[in-house]
Amino acid sequence: MSDLITATAVELSAAMAAGETTSAEITRAHLDRIAAVDGDLHAYLHVNADEALAAAADVDARRAAGRELPELAGVPIAVKDSIVTENQVTTCGSRMLEGWVPPYDATVVAKLRAAGLPILGKTNMDEFAMGSSTEFSAFGPTRNPWDRDRIPGGSGGGSAAAVAAYAAPLALGSDTGGSIRQPASVTGTIGVKPTYGSVSRYGLIAMASSLDQVGPCSRTVTDAALLHDLIAGHDPRDSTSLPDAPHAYATAARAGANGDLSGVCVGIVRELAGAGYAPDVQARFEESVALMEDAGAHVVEVACPSFEAALAAYYLIMPSEASSNLAKFDGMRFGLRVEPAEGPVTAERVMAATRGAGFGPEVKRRIVLGTYALSAGYYDAYYGSAQRVRTLVQRDLDAAFGRVDVIVSPTNPTTAFRFGEKVDDPMAMYLNDIATIPANLAGVPALSLPNGRDSDGLPTGFQLIGPARGETNLYTYAAALEARLAGAWGGTPLLTHVPMNSMNPTNPMDPMNTEANR
Amino acid sequence: MTALVDYADAIRRFDPVLGIEVHVELGTATKMFDDAPAHVDTAPNTALTPTSLGLPGSLPVVNRTAVEYAIRIGLALGCTIAPSCRFARKNYFYPDIPKNFQTSQSDEPIAYDGHLDVELDDGTVYRVEIERAHMEEDAGKNTHVGGAAGRIHGATHSLVDYNRAGIPLVEIVTKPLTGVGDRAPEIARAYVHALRDIFRALGVSEARMERGNVRADINVSLRAAPEAPLGTRTETKNVNSFRSIERAVRYEVSRQAAVLDAGEAVLQETRHFHEDDGSTSSGRPKSDADDYRYFPEPDLVPVVPDPAWVREIEANLPEMPAARRRRLQGEWGYTELEMRDVVNASAIDLIEATVAAGASPAAARKWWMGELARTAKDEGRALEELAITPAAVGELQQLVDSGRINDKLARQVLTGVLAGEGTPEEVLVARGLEIVSDDGPLLEVIDATLAAQPDIAEKIAAGNLGPIGAVIGAVMKATRGQADAGRVRELVLERVAGS
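Residues numbered from 1 in each chain as written. Chains lettered and ligands numbered in written order. Predicted model: local features only at pLDDT ≥ 70, side-chain atom pairs only at ≥ 80, totals over all residues. Heavy atoms only, no water.

Enquirer: Give a description of the sheet that holds strand S6 (residues 125-137) of chain B that names residues and reports values.
Expert: For sheets, the rule is that strands pair by backbone hydrogen bonds, running either parallel or antiparallel. All names here are of chain B. Reading across the sheet, the nine strands line up as S2-S5-S6-S9-S1-S10-S11-S12-S13 and stay open at both edges, with mixed pairing between neighbours. Sheet topology places strand S2 (80-81) and strand S13 (280-285) at the edges, where each strand pairs with a single neighbour. The sheet contact formed by strand S5 (residues 111-119) and S6 spans eight bridges and is antiparallel. Note on S6: the bridge partner recorded for Glu-119 is Val-125. Across the sheet, helix H2 (residues 64-76) lies against strand S1 (15-25), S2, S5, S6 and strand S9 (168-174), angled at about 20° from S9, the strand it touches most. (Pairing = 2+ DSSP bridges. Helix = DSSP H or I, 4+ residues; strand = E, 2+ residues; numbered from the N terminus. Contact = heavy atoms within 4.5 Å. Axes fitted to C-alpha atoms, helices over the stretch in contact; angles between N-to-C directions.)

What follows is the structure, encoded as structure tokens:
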């Protein structure tokens, strides 16, 4: 095995199966990489080296004993800090949970452990998953490996940056309005938002329950599909979990790698183009569509008029649910507890002091917004209207999927923006999610894959949206496009074009070199 | 405190309207939304899962048995069962609710539009219209430490036990009860009593009022006349005994009349009931502006009961208490008055079980409504809390029926059973109470008595049976009541005739 860090999960798995390396070696290599780059990158909030190495040793022992193992057994993974891990700190990027050690595992984490994936640590995120830049993490922002002055996307910037910077071959994220796909887009990685209810939410710290979904982050489509195969499935602990359906996403992805899209009807949404989309982003998008046509796809335009109102509806439903979901953070049972600086110590005053100190500005903004939107006199005007828009988005997509197999768009209107550029302008920040939000409102799956770079050398993202439970086709199409794009880039994945060089630990001039940073 | 208006006087001048909300804790094995045990009598904060503690990431899943119980209750109250219903979040901050919202049902309850015919003490029937029955979860329990008698006022700190948090509840809400007049307290009590009996008959709850399994919130308002619009109501919370329900209604009628007499307005508020003096006191103001920010619970899919399942539940509903009372009264041959006494004493199940254990209905009623009712009253306990089972009462009566003991001895046996000395048979043997059936010892006493007073024997022999009572009395005394008086009489006559 030439390079344990840059190898894909598929390659790592094959190398372990062939006896060329061990999970312990791979896990150690990634922990070393984290030690080398994460001081500057800050993709991780907590690194659990001992636990990861113990899990790796365990899976190596099982392999040595000749036990049959899942394909990803032994491949280390990073987990977004919104997903609870038993006996490992989980903070959701908030002071409110600083140092909190959950007494239980999320269902997806239990599946990772059962399959033998060492958990490297927990990745940085916007506080309670609220943000599009990871600037709202209470513990400081994550930097984009492509340009350290730029945001890595949000809220799952930590997971995306870790994967992009070769500090993890795989990661889990959570996507409420684009928190897996938008960071994937601006870091040149793959991010998938599964069909709502197809991956358990049990143990995912809720932002907006009806929109949240856990999903995979990776550097290749097949790696994402493998991870997705592992985490999908019915969970009796999650009432909104769908009944089990047979799935073989990795098989579908491998089938797509021949690059053939003949007979596939691709829809371009009129409302997700034009004004607000950066010219380079638009150009890369059109090139990718042309590649799909070369591969045999038939391209048509579809209209989704409700998408115009989707952003507004999302920014009412999401904070409404969040305001209720975050009510439990009150200093009474777990996490931070702050007593009032002066005056009587009553339950109400402790709650107020705790919430005042524990929540950051974006969280407070959304709690206030959601509380207002749900209040008696405004419920119908705001929450009720937003739910009606949501129904229209679902109908528009249903109608579109009556005509086309897949809908495509740029994942984001722009490439990664600079730190601080939008932090004081919430609306500008919210607009970043305009193309990702409809999939959450409709509960359908969507995938972002890197499809090129802009004039600053920053990656752009290409989004594929499928009908509910349409992941299988989504993986086939995405893998086909990925193969065509790699051909256009000289047969190598986009990621190999930049980050390793800019983060070469042996280069003393590299600001990400931890030696130089000491 | 405002002076009260005499109740009768208040009723003459005002028309009371009631509204009653009854919460019943369901007797499911696990909680409403998770698999923590639904038993509160374990050590504090031990019957918990991440969900019942509201930990970050935890999710609810609806308890199917709780839904079945709610449907049973709805059907028993003649309600329509919703083809689809949903849970909603009722958002408010209080330390005893782990998530700071209560998962409840607001505008989409599982059952609605029912009624319950309530039989009053005089045999008349008042029909209570039911608005709806909905499912929700209970809150935890706060204990305030350092203040007076567990009150929050003056407390230094509070302890929270979340064992009760998440136990399934069904709340039954009436439409306004009008035309109740001076029977308002009785109707309120009889309604909750009838509900309690239904919960037990349905097997959905132990329905122990004293344990808070059943709790009533009593709304009372007064208006000038039955045609007048409804007056402002108060809601007296968590009243949990039948007597307290009557007292709370009575007190609120008298209090509100006094407020109105003084030309003041009744405040819309919740009130607390005080067992010690039967009064109510102001709780927190409750206005229509209370904003719980209800919205559909996004973590739960709608509950859509399969119509076939609902039909099956309906087909298997047990006999309702009122119908059962009519049937049993016929079977037992009790008079109206006897039956009403039995019902009011909550003795119907006990008598039925006693009859099943072999006693006649008349004998079963005699024991439970007589000796045992007196004992219960003396000890300040409910009949069912006495240390005797219906089976034991049945056994006792069989001992009487078989002639092994008489009524007087039976009462002594009963005392022994209540004192924990064993079964009736065991007490009988241990205390040596069996009727003396061997003539030998009796003859010894008879002979001795007659020998001591020869004149008595002569009188009897001459046909004057008057003095025979004295002989029998002496024998009974000598045998401590264990002789069969009839047999003694026979023996005396034989002795006199043979002498």
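Enquirer: Talk me through the nonpolar core; I want residue IDs and the actual numbers.
Expert: With 126 residues, the main nonpolar core has Phe-128, Leu-464 and Tyr-475 of chain A as its most contacted residues. Looking at this core element by element, the count peaks at 10 residues for helix H10 (residues 307-325) of chain A. Apart from the residues lying within four places of it in its own chain, the contact partners of Phe-128 of chain A are Cys-92, Ser-94, Met-96, Leu-97, Ile-205, Met-207, Leu-326, Phe-329, Phe-359 and Val-363 of chain A. Residues Leu-26, Leu-195, Ile-198 and Ala-207 of chain B belong to the second largest nonpolar core, which totals 73 residues. (Core = buried A, V, L, I, M, F, W, Y, C linked by side-chain atoms within 4.5 Å. Buried < 20%, exposed > 50% of the residue type's maximum accessible area, 1.4 Å probe, protein only.)

Enquirer: I'd like to hear about the side chain of Asp-212 of chain A, residue by residue, with values.
Expert: Residues and elements named next belong to chain A. Looking at the element boundaries, Asp-212 is found in the loop between strand S5 (190-193) and strand S6 (214-218). Look at Asp-212: it is buried, it has no salt bridge, and the nearest opposite charge is Arg-201 at 5.0 Å. Within the structure, Asp-212 has its side chain in polar contact with the side chain of Thr-176 (distance 2.5 Å). In terms of polar contacts, Asp-212 uses its side chain to reach the backbone amide nitrogen of Met-207, at 3.0 Å. (Lys, Arg positive; Asp, Glu negative; His and termini not counted. Salt bridge = Lys/Arg side-chain N within 4 Å of Asp/Glu carboxyl O. Polar contact = N/O pair within 3.5 Å; in protein donor to acceptor, adjacent residues only side chain to side chain.)

Enquirer: Help me get a handle on empty space enclosed by the protein, residues and values and all.
Expert: Residue and element names in this part refer to chain B. Across all of its chains, the model carries three cavities of 30 Å³ or more by this definition. The volume enclosed by the largest cavity comes to roughly 180 Å³. Quantified by volume, the second largest cavity comes out at close to 120 Å³. Lining of the second largest cavity is provided by 15 residues; of these, Thr-51, Ser-52, Lys-99, Glu-137 and Gly-166 occupy positions nearest its centre. The residue inventory of the lining of the second largest cavity, partitioned by class, reads six nonpolar, five polar and four charged. (1 Å grid on protein atoms, 1.4 Å probe; cavity = no way out; pocket = protein on both sides within 12 Å on 5 of 7 lines; lining within 4 Å. Points joined across faces, edges and corners; volume = space filled by probe spheres on them. Nonpolar A, V, L, I, M, F, W, Y, C, P; charged D, E, K, R; others polar.)

Enquirer: Please provide a residue-by-residue account of the pairing of strand S10 (residues 214-223) of chain B, values included.
Expert: Residue and element names in this part refer to chain B. Counted residue by residue, S10 has 10 buried out of 10 residues, so it is predominantly covered. Because side chains alternate across S10, one face comprises the buried residues Val-214, Ala-216, Ile-218, Val-220 and Leu-222, and the other comprises Arg-215, Asp-217, Asn-219, Ser-221 and Arg-223, equally buried. Relative to S10, S1 is paired through 10 bridges, and the arrangement is antiparallel. Bridge pairing in S10 places Pro-16 opposite Leu-222.

Enquirer: Explain a nonpolar patch on the surface to me, using residue names and the numbers behind them.
Expert: A cluster of nonpolar side chains, namely Tyr-372, Tyr-378 and Tyr-382 of chain A, defines an oily patch on the protein surface of about 290 Å² accessible area. With respect to the element layout, Tyr-378 of chain A can be found in the loop between helix H12 (361-374) and helix H13 (380-401). (Patch = residues over 30% accessible without salt bridge, like charges linked within 9 Å, V, L, I, M, F, W, Y side chains within 5 Å. Areas by Shrake-Rupley, 256 points an atom, 1.4 Å probe, with all protein chains shown as cover.)

Enquirer: How would you sum up the sheet that holds strand S3 (residues 88-91) of chain B? Please name residues and give values.
Expert: All names here are of chain B. Judged by pairing direction, the sheet is antiparallel, and its three strands sit side by side in the order S4-S3-S14 without closing on themselves. This sheet does not close on itself; its edge strands, each paired only once, are strand S4 (101-104) and strand S14 (295-296). Pairing of S3 with S14 involves two bridges; the strand directions are antiparallel. For Arg-89, the partnering residue across the bridge sits in S14 and is Phe-295.

Enquirer: Describe in detail the packing of helix H2 (residues 23-41) of chain A against helix H3 (residues 49-64) of chain A, supporting the description with residues and values.
Expert: Residue and element names in this part refer to chain A. With their axes 8 Å apart at the nearest point, H2 and H3 run at an angle of 160° to one another. Looking at the two axes, H2 sits roughly antiparallel to H3. The handedness of the crossing between H2 and H3 comes out as right-handed. Between H2 and H3, the contacting residues are Ser-23, Ala-24, Thr-27, Arg-28 and Leu-31 on the first element and Ala-49, Ala-52, Leu-53, Ala-56, Val-59 and Asp-60 on the second. (Parallel < 35°, antiparallel > 145°, perpendicular 65-115°, else oblique. Left-handed = near helix turned anticlockwise from the far one by under 90°.)

Enquirer: Provide a residue-level description of the interface of chain B and chain A, including the pertinent values.
Expert: If you look at the interface, chain B gives 31 residues, while chain A gives 38 residues. Summed over the shared surface of chain B and chain A, the number is one salt bridge. Inspection of the chain B/chain A interface yields 16 residue pairs in polar contact (both at pLDDT 80 or more). Looking at the side of chain B that touches chain A, the elements with two or more residues in it are S3 and S14 of chain B. Of the residues that constitute the side of chain B that touches chain A, the class distribution is 20 nonpolar, six polar and five charged.

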